[in-house]
Amino acid sequence: MKKFGILLLVLAMMMACLNVAAADDATLVYASTFVAGTDGWYGRGAQVYRTTEATLKTEGRSSDWNSPGRDFPLVETGEYKLSVEVFQDSVDSANFMISIAHTKDGAETYENLARGTAKKGEWTKLEGTYIAGDFDKYVLYVETTGAPELSFEIRDFRVDAPNGVPAPKPKTPDMVIEEVAIEDMPSLKEAYAGKFDFGAAVPQYAFSNGKLKALILKQFSILTPENEMKPDAVLDVNGSKALLKETGDETAVAVHFDAAKSLLRFAQSNGIKVHGHVLVWHSQTPEAFFHEGYDAKKPLVSREVMLGRMENYIKGVFEYLDANYPGVVVSWDVLNEAIDDGSNWLRNSNWKKIIGDDYPNFAYAYARKYAPEGTKLYYNDYNTAIGGKLRGIVKLLNTLIPEGNIDGYGFQMHHNVSFPSIQQIRTAVETIAAMGLRLRVSELDVTVSNNSEASFKKQAKYYADVMKILIDHADQFEAVQVWGLTDMMSWRGSQFPLLFDGRGNPKPAFWAVADPENYQ
Ligand code: XIL
């Protein structure tokens, strides 16, 4: 009988796996779609940038190895499948490779993992495999052979692990993180229920991974799209150009939510709230937005046109969301990172250059005008715990609060384990709390220099101390959100800043956040 029971259990598990495989990209461990950000890719002796067609372009090369590359925390003995599409439009054909630069004890060595020939104007897929050797660092990159000056584009870079990722070999001093089934973990959203929402920033590709989706459902009551609702993902430059041609109206704006749909749908069908990020920002906003004819080569538009575009963009975003996902997005970062770290006043962004120092006031007025009633409107910034910056932020908030169009302040809190100090954070929280705004921690992560047990314990203590400050102000905090799910997925992944390790298992920091009062 017992044997029969076990057989049934095994069968049920196999069925579950099959279902997952059918519904999800179960073997995907990493994907860079370039729909929004550059996903941590950088130029190796070349310039790389994301194009509006969701590709990463590499220019300014003079050697074959000058390439787009990215650090990947691969696990020794893991068997990885790699693929990417490449494109070039300059020569009849060119040879490309996916290569890896790996480092052991400071010595860098290389292997070529995939090859292919891309004909002019044709997207070409390169596919290869890699079994990870014993290295401290792995950089995957896409290079040419015999075409050192060629500019090219890549898209859809994927890393799959068809046989799963092995447990990292315990090598001192790395801490061995115990595997815990998702259903056996405590839930952060439950731990903080009655105080504030607990959430995370999540990139689009997470929604095609069953395990990550289960982790989200268990842990979080609010999500922020990590990149997919930023202006470079939402503003439809070609659509806006077409509207302009049709109507002759320079202030016409077209928006689309292609990149954000998977998160919005998931949140809507599972009753999870969404915090919108971000409407007005100096970064990740197409340069063309600020120029006549939506053409970055033409002059900047006038103040009047820019105000019109700002209003129509904000209007378009709220109208789309209200029509398609009513009630899902409960709050927004209307303005992000407007204060400059040097001058502690408005940074010299295109917004400020074109509109002037009152551009934040207009952003909040438009957001209030078009946001569904009850939507909370936030200002979001980093380095709040640093004196001069804090003064600049307070000064800006003081120009916005009397107009009644701002509800809250979001502390990003991208910290490291020794800076800023817990006392500096407490002072910053108390200073802003005294202004009577709603509060949130919008982008919490805490880096450490290595993954030893000592570092992870220090990190856990820091997280616990931060959470205790927030609990003391729970009546004003609406949400606390970590910036990413696992260390592997983090924008600062090489410094292990999050609550879950690369395999989704809870680190000491997770246990500290789950019960900060009792964390020693
Ligand atoms: C980061 C994302 O995490 C990356 O994937 C992207 O390449 C760059 O932006 N402050 C913010 C966030 O407000 O939008 C940033 O997110 C991190 C810093």
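Structure first, text after, so check above.
Owing to the predicted nature of the structure, the values given are computational and were not obtained by experimental measurement.

1. Structural notes on the sheet that holds strand E8 (residues 107-119)
Thought 1: Sheet architecture is open: five strands sit in the order E2-E5-E10-E7-E8, paired in antiparallel fashion. Either end of the sheet is taken by a strand with one partner, and the two such strands are strand E2 (42-44) and E8. This sheet shows a mean twist of 30° between the axes of neighbouring strands, independent of strand direction.
Thought 2: In terms of strand pairing, E2 meets strand E5 (residues 67-71) through three bridges, oriented antiparallel. Bridge pairing in E5 places Arg 44 opposite Ser 67.

2. A word on the nonpolar core
Thought 1: Counting residues in each nonpolar core, the largest one holds 150 residues, and the members touching the most others are Phe 198, Phe 220, Leu 279, Trp 332, Tyr 379 and Leu 499.
Thought 2: When residues in this core are grouped by element, the largest group, nine residues, is from helix H7 (residues 303-324).
Thought 3: Those residues in contact with Leu 499 that sit more than four places away from it in its chain are Leu 188, Phe 198, Tyr 463, Val 482, Asn 505, Pro 506, Lys 507, Ala 509, Phe 510 and Val 513.

3. Details of the packing of H7 against helix H9 (residues 359-370)
Thought 1: Between H7 and H9, the shortest axis-to-axis distance is 9 Å and the interhelical angle comes to 35°. Between H7 and H9 the crossing geometry is right-handed. Only Tyr 359, Phe 362, Ala 363, Tyr 366, Ala 367, Lys 369 and Tyr 370 of H9 make contact with H7, whose side of the interface consists of Arg 303, Leu 307, Met 310, Glu 311, Ile 314, Lys 315 and Phe 318.
Thought 2: A class-by-class count of the residues in the contact of H7 with H9 yields 10 nonpolar, no polar and four charged.

4. A short note on the site of the ligand
Thought 1: Neighbouring residues of the ligand: 15 residues in total, closest Glu 226, Lys 230, His 277, Glu 443 and Trp 483.
Thought 2: Side-chain polar atom of Asn 227 to an oxygen atom of the ligand: 2.9 Å apart, as the coordinates give it.
Thought 3: One of the side-chain nitrogen or oxygen atoms of Asn 336 is found 3.0 Å away from an oxygen atom of the ligand.
Thought 4: Isolated, the ligand exposes 410 Å² of accessible area, and the fraction of that covered by the protein chains is 88%.

5. Overview of the pairing of strand E1 (residues 28-32)
Thought 1: For E1, a buried count of four out of five residues is recorded, marking the element as mostly surrounded by other parts of the structure.
Thought 2: Where E1 lies against strand E11 (residues 152-160), four bridges are found, and the strand directions are antiparallel. Bridged to Ser 32 within E11 is Phe 157.

6. A closer look at the layout of surface pockets
Thought 1: Taken as a whole, the second largest pocket spans an internal volume of roughly 360 Å³.
Thought 2: Together, 22 residues line the second largest pocket, and Ala 31, Thr 33, Asp 156, Gln 204 and Tyr 205 are the ones closest to its centre.
Thought 3: Breaking the lining of the second largest pocket down by element, the ones donating at least two residues are E1, strand E6 (79-87) and E11.
Thought 4: Residue composition of the lining of the second largest pocket, by class: eight nonpolar, seven polar and seven charged.

7. Side note on the packing of helix H11 (residues 422-433) against helix H12 (residues 453-472)
Thought 1: At their nearest, the axes of H11 and H12 sit 10 Å apart, and the two run at 20° to each other. When the axis of H11 is compared with that of H12, the two are roughly parallel. Between H11 and H12 lies a crossing whose hand is right-handed. When H11 is examined against H12, the residues Ile 422, Ile 425, Arg 426 and Val 429 are found in contact with a partner set consisting of Tyr 462, Asp 465, Val 466, Ile 469 and Asp 472.

8. A word on the pattern of salt bridges
Thought 1: The full count for this structure, using the stated rule, is 25 salt bridges.
Thought 2: A salt bridge links Asp 71 to Lys 137; its shortest N-O distance comes to 4.0 Å. Here Asp 71 is found in strand E5, whereas its partner Lys 137 is found in strand E10 (residues 137-145), with 66 residues between them in sequence.
Thought 3: According to the relative accessible area criterion, Lys 137 is partly exposed, its value standing at 38%.
Thought 4: In this structure, the salt-bridge partner of Asp 487 is Lys 507, at a minimum N-O distance of 2.9 Å. One end of the pair, Asp 487, is in the loop between strand E20 (477-482) and helix H13 (508-514); the other, Lys 507, is in the loop between E20 and H13, and 20 residues separate them in sequence.
Thought 5: Through salt bridges with shared partners, a single network forms among Lys 104, Asp 134 and Asp 136.

9. What to know about the packing of aromatic side chains
Thought 1: Here the structure, examined in full by the defined rule, presents 29 aromatic pairs.
Thought 2: For the pair Phe 510 and Trp 511, a centre-to-centre distance of 5.3 Å together with 85° between the ring planes defines the contact as edge-to-face.
Thought 3: Sitting over the ring of Trp 123, Arg 155 keeps its end group 4.1 Å from the ring centre.

The rules behind each value
- Residues numbered from 1 in each chain as written.
- Predicted model: local features only at pLDDT ≥ 70, side-chain atom pairs only at ≥ 80, totals over all residues.
- Heavy atoms only, no water.
- Pairing = 2+ DSSP bridges.
- Helix = DSSP H or I, 4+ residues; strand = E, 2+ residues; numbered from the N terminus.
- Axes fitted to C-alpha atoms, helices over the stretch in contact; angles between N-to-C directions.
- Core = buried A, V, L, I, M, F, W, Y, C linked by side-chain atoms within 4.5 Å.
- Buried < 20%, exposed > 50% of the residue type's maximum accessible area, 1.4 Å probe, protein only.
- Contact = heavy atoms within 4.5 Å.
- Left-handed = near helix turned anticlockwise from the far one by under 90°.
- Nonpolar A, V, L, I, M, F, W, Y, C, P; charged D, E, K, R; others polar.
- Near = heavy atom within 4 Å.
- Polar contact = N/O pair within 3.5 Å; in protein donor to acceptor, adjacent residues only side chain to side chain.
- Areas by Shrake-Rupley, 256 points an atom, 1.4 Å probe, with all protein chains shown as cover.
- 1 Å grid on protein atoms, 1.4 Å probe; cavity = no way out; pocket = protein on both sides within 12 Å on 5 of 7 lines; lining within 4 Å.
- Points joined across faces, edges and corners; volume = space filled by probe spheres on them.
- Parallel < 35°, antiparallel > 145°, perpendicular 65-115°, else oblique.
- Salt bridge = Lys/Arg side-chain N within 4 Å of Asp/Glu carboxyl O.
- Phe/Tyr/Trp six-rings, centres within 6.5 Å; stacked < 30°, edge-to-face > 60°.
- Lys NZ or Arg CZ within 6 Å of the ring centre and 35° of its normal.

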